[in-house]
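# Architecture at a glance
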Amino acid sequence: MFGLSPLRRGGIAALSLSVAASIASPAFAAMGNTASSYGLFPGDVASAQALSMFNPQASALYYNPSYLIKDPRGELTIGFLHAEQELDGRSLGGAAPATRDGNLLDDSRSQQQLIALKTDLSSITKFEHPIYFAIIAGVEKYGKEMLSFNSTTSMGGQYMEYGRQPLFLNIGGGTELLHGIAVGASAHVSLRSDAKLVASSNLAGETQYETLEVNAKPVIRPVLGVTLDWGKLICGKGDCITDGLETAFAFRGHTEARTSVDSRITIPGTVPSPGIALLIDTVDSYQPDIYSAGLQYRFNDRLRAGVTVERQNWSDLMEVLEDDTVKDQADIRFKDITVPRVGVEWSALKNVSLTAGVAFRESPMESDRSLDVNYLDADKTIYGVGGSWTIEQPPILAYPMRVDFGYQFHDIDERKFDLTSDRAPVNPYETIETGGEVHVFSGSVTLKF
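Residues numbered from 1 in each chain as written. Predicted model: local features only at pLDDT ≥ 70, side-chain atom pairs only at ≥ 80, totals over all residues. Heavy atoms only, no water.

Using the following cut-off: UniProt positions are given in the numbering used here, feature names are shortened, and annotations may be inferred rather than shown by experiment.
Per an unreviewed UniProt entry, the protein chain is named Aromatic hydrocarbon degradation membrane protein, and its organism is Alcanivorax xiamenensis. Here is the UniProt Subcellular location (unreviewed entry) comment for the protein chain, exactly as written: "Cell outer membrane".

Listed below in structure tokens is the structure:
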């Protein structure tokens, strides 16, 4: 908790202007997050997340923590992700078309920096059974932005999924429960922030007797995973037809960044106590409950392929938005969706492997209009390619080093929306056709130990 008194003169006016701007300006809030929209590390980006449930790197912590056991070596990974959106909205006319600077709606960027650590904790316990621990932390703008928050209405329309996620934090581990059966669990951490402002002001905005309190507390959601290695389960240590066949199941609990503001202003002689109340409770970076099932088959030491199917329960967002004071008037209908993903990895050379993947994501938005908020979304096809290079004897280091790169392309289908606003004389005041594309670049360096 932080207390501050007094504020500078005009502080209330500045706060009011900033709150008004966040509600009325054409900024771009989003209900997506980096890990689900793009992928955490290059291997996830390159496979369009099709092989993420079978990735032995620390990113398994978010997609399937039970797969941490597949590589017994510890590792430290430093990565980055850069995404560029080119999201369009072409006006088809209307009663009062909004003024546009061309067709471009959003060309903002997401720039995430990630650091992850994975290690075997059995060396510090009295148990010989391996217990793998991992932690992942991510910060936006390459480490310069941690707590940015944006929830807004928009006259010109705003894309629902694409946006920044300033803080990403995941911690947990995995172990082999039985021969051929691995389990894992992790906690995904998001923040719930509460701000309270009490002040006395004159009509010119000059304040006194101010108190500002800000609290932020973590909200923890579970990630659970289990992996079945059918070669071990059926054949034990012998060779048989099921060698190389694995299935995995995972559950990721819904997450949301939520902020509440309670402001009360009194004006002596004009507005007596308890004063003017400004109450805001709103969410950003929402992700629903996600159930995942995956199957991987290793044809040999050089080739593996995988299929993952996700069930995303977006219909729950309707209830969340009913309590959102910024977006509660939107009356948006969402549906649960199924996302199929297919990926392949090929070891082209001894220390060089190539990865490719494709996925299709249906839009969870059933509504073509949402009052004031004007969310936009559409079906999209996601393509990914990438590769990795393992340096067995790097200079200075005593253990191997791995360098990864991934690229992802989102091809967003065209879709028509009616833009509406209670400030417009006629609704809908404009019809637009949306589309666009997203380019994602990801790289990482992993030190093995």
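### Thoughts on the packing of aromatic side chains
Here is the rule we go by: Aromatic pairing here means that ring centres of Phe, Tyr or Trp (its six-membered ring) are within 6.5 Å. Orientation follows from the plane angle: under 30 degrees is stacked, over 60 is edge-to-face, and everything else is tilted. Only DSSP runs of H or I with at least four residues qualify as helices, and only runs of E with at least two residues qualify as strands; both kinds are numbered from the N terminus onward. When a residue's accessible area, from a 1.4 Å probe over protein chains only, is under 20% of the maximum for its type it is buried; when over 50% it is exposed; and in between it is partly exposed. Geometrically, a lysine NZ or arginine CZ counts as sitting over a ring once it is within 6 Å of the ring centre and also within 35 degrees of the ring normal.
One pass over the full model with this rule turns up seven aromatic pairs. For the ring pair Tyr-62 and Phe-168, a centre distance of 5.6 Å and an interplane angle of 65 degrees mean the geometry is edge-to-face. Of the two residues, Tyr-62 is situated in helix H4 (residues 60–63) and Phe-168 in strand E7 (residues 167–178); the sequence distance between them amounts to 106 residues. Here the two residues Tyr-62 and Phe-168 agree in accessibility, since each one is buried. The side chain of Lys-118 reaches across the aromatic face of Tyr-132, ending 5.9 Å from its centre.

### Describing unusual backbone geometry
A negative phi holds for most residues other than glycine; trans holds for most peptide bonds. With an omega of 10 degrees, the peptide bond between Ser-273 and Pro-274 qualifies as cis. Mapped onto the elements of the fold, Pro-274 is located in strand E12 (residues 271–287). In this chain, Asn-427 is followed by Pro-428 through a cis amide linkage whose omega measures -5 degrees. Among the secondary structure elements, Pro-428 is positioned in the loop between strand E19 (401–419) and strand E20 (430–448). Phi at Gln-49 is positive, roughly 65 degrees, even though this residue is not glycine. Within the element layout of this structure, Gln-49 appears in the loop between helix H3 (42–46) and H4. The phi torsion at Asn-374 lies on the positive side, around 55 degrees, for a residue other than glycine. Considering the arrangement of structural elements, one finds Asn-374 in the loop between strand E16 (352–361) and strand E17 (375–376). The exposure class assigned to Asn-374 is buried, which follows from its relative accessible area of 2%.

### Thoughts on the state of the cysteines
The condition is simple: Note on terminology: disulfide denotes any pair of cysteine sulfur atoms within 2.5 Å.
Per the counting criterion, the structure on display carries one disulfide. The side chain of Cys-235 participates in a disulfide bridge whose partner is Cys-240; the two sulfur atoms lie 1.4 Å from each other. Disulfide Cys-235-Cys-240: the torsion about the S-S bond is 90 degrees, which places it as right-handed. Take Cys-235: its relative accessible area is 22%, and that puts it in the partly exposed class.

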